[in-house]
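Per-entry structural report
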Amino acid sequence: MSWRHAAIAEVRPETAHAKTLVLDVDGWPGHRAGQHVDIRLTAEDGYQAQRSYSIASAPESPRLELTVERIEDGEVSTYLVDEARAGDEFELRGPIGGYFVWHAGLDGPLVLVAGGSGLVPLVAMLRHRRAARDMTDARLLLSARTADDVLYRDELAALGAGDVAVRLTLTRAAAPPPEFPEAWTRRIDRAMLEELGPAPGTGARIYVCGPTPFVEEAARLLVELGHDARSVRTERFGPTGG
Amino acid sequence: MAFTRGFRGRRSDVDPARLPPGQYETKDFPVLSAGPTPHTPLDEWTFTIDGAVGASRRWSWEDFTALPAETLTVDIHCVTKWSKFDTTWTGVPVSALVEGTSPSGEHVVAWSDGGYTTNLPLADVLDGKAWIAHRYGGEPLDPEHGGPARLLVPHLYFWKSAKWVRGLTITEHDEPGFWEGYGYHNHGDPWKEQRYWSD
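Source: prediction; values computed, not measured.

Rules behind the numbers
The numbers attached to residues start from 1 for each chain and follow its sequence in the written order. Chains and ligands are labelled sequentially in the order written, the chains with letters from A and the ligands with numbers from 1. Per-residue local features are limited, in this predicted model, to residues with pLDDT of at least 70; the limit for side-chain atom pairs, both in listing and counting, is 80 or more; totals at the level of whole chains, interfaces and linings are taken over all residues. Put simply, DSSP marks the helices as runs of H or I at least four residues long and the strands as runs of E at least two long, and each gets a number from the N terminus on. Every radius of gyration here is taken over C-alpha atoms, with the globule rule written as 2.2 Å times N^0.38, N being the number of residues. Neighbour density around each residue's C-beta defines its exposure: 20 or more other C-beta atoms within 10 Å make it buried, 12 or fewer make it exposed, and counts between make it partly exposed, where C-beta atoms are placed from the backbone. Each residue gets a C-beta atom placed from its backbone, and two residues are in contact if those atoms lie within 7 Å. We treat two strands as partners when DSSP finds at least two bridges between them. The angle between two axes is taken between their N-to-C directions and runs from 0 to 180 degrees, where each axis is a line fitted to C-alpha atoms and a helix contributes only its stretch in contact. The predictor attaches a confidence to each residue, and that confidence, scored 0 to 100, is pLDDT. Domain limits in this description derive from either an automatic procedure or a database domain assignment. Asp, Glu, Lys and Arg are counted as charged, while Ala, Val, Leu, Ile, Met, Phe, Trp, Tyr, Cys and Pro are counted as nonpolar; the rest, among them Gly, fall into the polar class. The term nonpolar core refers to a set of buried Ala, Val, Leu, Ile, Met, Phe, Trp, Tyr and Cys residues connected through C-beta atoms within 7 Å. What a helix is expected to span follows from its residue count: subtract one and scale by 1.5 Å.

This next bit is on the overall build of chain A. Across its full length, chain A carries five helices and eleven strands. In terms of overall size, chain A behaves like a compact globule, its C-alpha atoms giving a radius of gyration of 18 Å where 242 residues would be expected to give roughly 18 Å. Structurally, chain A occupies a C-alpha span of about 55 × 40 × 30 Å along its principal axes. In chain A, buried positions account for 46% of the 242 residues. Counted over contacts in chain A with a minimum sequence separation of 6, partners at least 24 positions apart contribute 70%.

In structure tokens:
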């Protein structure tokens, strides 16, 4: 799979720790919602570093967008979030991954369970659904530390006001934020997933993405609730990732 | 290739001879898997060698863990770019399990609880190259990391080291496994950076 030239067209702050890089990629072949890319940065002395990032944009978007969360002491994410600006260049290849993907027209309700920046590949699915004017029953549960850590906050509120069931839980907040008055303020649990629905046996396609302890717990609870383990697709962000 | 303005990177003091191209060292042990972690009770657990082997062989957990095991310390390399050095495993060499069968194929499919599969050349799992590991760092292998037992093939990218492994099926034809069917490299040698199908 060949490396392509990528140039940053725009940098969009999302939270205090995350930015979206809007990219022009030479000869980009297109992607499916849920896929990721590898990027490779080259320092002036030839030193290179590679990392993987999920694609945030819908396949319909004119430009490829990656949302990068800054990892303390990270080698690449600190550069991308603190330093990178429009006009900067690196290499990119992909799209990568064919299992953790969703596209309009698939049967069954779409259930998305995100922890923190695990939201990125899942928002690509919701953006694709909207761009394709798909009517699939879609539900999102996002767990974040505080309201200020919620990626795409305005967009999620707008989706929630539309036809997507958007539920939020904040693990380090005392009260729900104004635009999500029904937000929970605790760690993910069985009652939350039950309320998110739909019930097991409805053919839901379930996508879980986040840090490992979150994914382990969410996937375990979904199976315990009675969802078929084969309908639960997981993707994880390790504690590293730099 | 254009340089990335302002990127200096963090030169680690890692011995470059230990780090395959495109990898970086991590001290953590990240977890990757495509679905929920299965929890098979040990009294239902078996390990099977079957396929093109003449008579198949099967072990219960009790019999399996009574087999002579080896303890080894190796570096592991994940296709998602992290490498972890000096990981210590205890497991049964695959050669010992295949011994006593008559393989008539040159390929292997490792299969796991949860439906995961991965394919390897038989030669890549014999002669001290692969183990069925059931202990990590001297402790029983954690389910998150593939316990009760996982395949350990440290010379290939770590997706080949199937978690929750329950058997090896010897095949006459090469049959792509789970990730191999989704665009990952058929062989997966980290030193040749064989990440994706066309690498």
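Counting its regular elements, chain B contains two helices and eleven strands. Helices (α) and strands (β) of chain B occur, in sequence order from the N terminus, as β-β-β-α-β-β-α-β-β-β-β-β-β. Counting only C-alpha atoms, chain B reaches 60 × 35 × 30 Å along its principal axes. Across the 199 residues of chain B, 39% fall into the buried class.

Moving on: unusual backbone geometry. Look at the link from glycine 197 of chain A to proline 198 of chain A: it is a cis peptide, with omega at -5°. Its place among the elements puts proline 198 of chain A in the loop between helix H4 (190-196) and strand S10 (205-211). Note the cis peptide between glycine 147 of chain B and proline 148 of chain B, where omega equals 15°. On the secondary structure map, proline 148 of chain B appears in the loop between strand S9 (139-140) and strand S10 (150-152). Of note in this structure, aspartate 73 of chain A is not a glycine but carries a positive phi near 70°. By C-beta crowding, aspartate 73 of chain A is classed as exposed, having 10 other C-beta atoms within 10 Å. In this structure, glutamate 193 of chain B takes a positive phi of about 50° despite not being glycine. Note that glutamate 193 of chain B resides in the segment after strand S11 (165-171).

All names here are of chain A. Strand order in the open sheet formed by six strands is S4-S3-S6-S1-S2-S5, with antiparallel pairing between adjacent strands. The open sheet terminates on both sides in strands that have one partner only, identified here as strand S4 (48-54) and strand S5 (64-69). Between one strand axis and the next, the sheet turns through 40° on average, direction left out of account. Pairing analysis gives four bridges linking strand S1 (residues 4-13) to strand S6 (residues 89-96), with the strands arranged antiparallel. By the bridge assignment for S6, arginine 4 is matched with leucine 92.

With that settled, the discussion passes to the confidence of the model for chain A. For chain A, the mean per-residue pLDDT works out to 95, and 98% of the residues sit at or above 70. Segment residues 238-242 of chain A: pLDDT under 50, and 20 contacts once partners within four positions in sequence are set aside and those in other chains are kept.

So, on to the domain arrangement of chain A. All names here are of chain A. Assigned domains of chain A: these are domain 1 (4-96) and domain 2 (110-237). Inter-centroid distance (C-alpha atoms) of domain 1 to domain 2 is 24 Å. Across the boundary between the two partners, domain 1 contributes 16 residues, which contact 14 residues of domain 2. Class assignment of the residues belonging to the side of domain 1 that touches domain 2 gives a composition of seven nonpolar, six polar and three charged.

The next thing to look at is the interface of chain B and chain A. Taken residue by residue, the interface counts 34 residues in chain B and 37 residues in chain A. In terms of residue class, the side of chain B that touches chain A is made up of 13 nonpolar, 13 polar and eight charged.

Here we take up the nonpolar core. Within the largest apolar cluster, 72 residues are counted, with the highest numbers of intra-cluster contacts made by Leu112, Leu122, Val208 and Ala218 of chain A. Both domains that furnish three or more residues to this core are identified here as domain 1 (4-96) and domain 2 (110-237) of chain A. If near-sequence neighbours (up to four positions away) are discounted, alanine 218 of chain A is found in contact with Val113, Ile188 and Val208 of chain A. By size, the runner-up hydrophobic cluster in this structure holds 37 residues, among which are Ile49, Val92, Leu141 and Trp164 of chain B.

Here we take up the environment of glycine 188 of chain B. Residue and element names in this part refer to chain B. For glycine 188, the position within the fold is in the segment after S11. Sequence separation of glycine 188 and aspartate 199 is eleven residues, and the distance between their C-alpha atoms is 9.4 Å. Residues contacting glycine 188, with those up to four places away along its chain left out, are Leu156, Tyr157, Trp159, Lys160 and Gln194.

Another aspect to go through is the sheet that holds strand S2 (residues 46-51) of chain B. Residue and element names in this part refer to chain B. Sheet architecture is open: five strands sit in the order S3-S2-S11-S6-S7, paired in mixed fashion. The sheet is open, and its two edges are formed by strand S3 (57-60) and strand S7 (117-121), each paired on a single side. For this sheet, the mean angle separating the axes of adjacent strands, direction not counted, is 15°. In this sheet, S11 lies alongside S2 in parallel orientation, the contact comprising four bridges. Its bridge partner being in S11, threonine 48 is matched across the sheet by glycine 167.

Okay, the pairing of S6 of chain A next. Residues and elements named next belong to chain A. Burial of S6 is extensive: six of the eight residues sit out of reach of the surface. As paired elements, strand S3 (residues 36-42) and S6 share four bridges and run antiparallel to each other. Note on S6: the bridge partner recorded for histidine 36 is isoleucine 96.

Moving on: helix H5 (residues 212-225) of chain A. A rise of 1.5 Å per residue sets the reference length of H5 of chain A, with its 14 residues, at 20 Å; its end C-alpha atoms lie 20 Å apart and thus fit the reference within 8%. Following H5 of chain A by one or two positions, glycine 226 of chain A adopts a phi angle in the positive range, close to 115°.

What follows deals with the confidence of the model for chain B. Mean pLDDT for chain B: 95, with 99% of residues reaching 70 or above. Interface confidence in the predicted complex, given as ipTM, is 0.91; pTM for the same model is 0.94.

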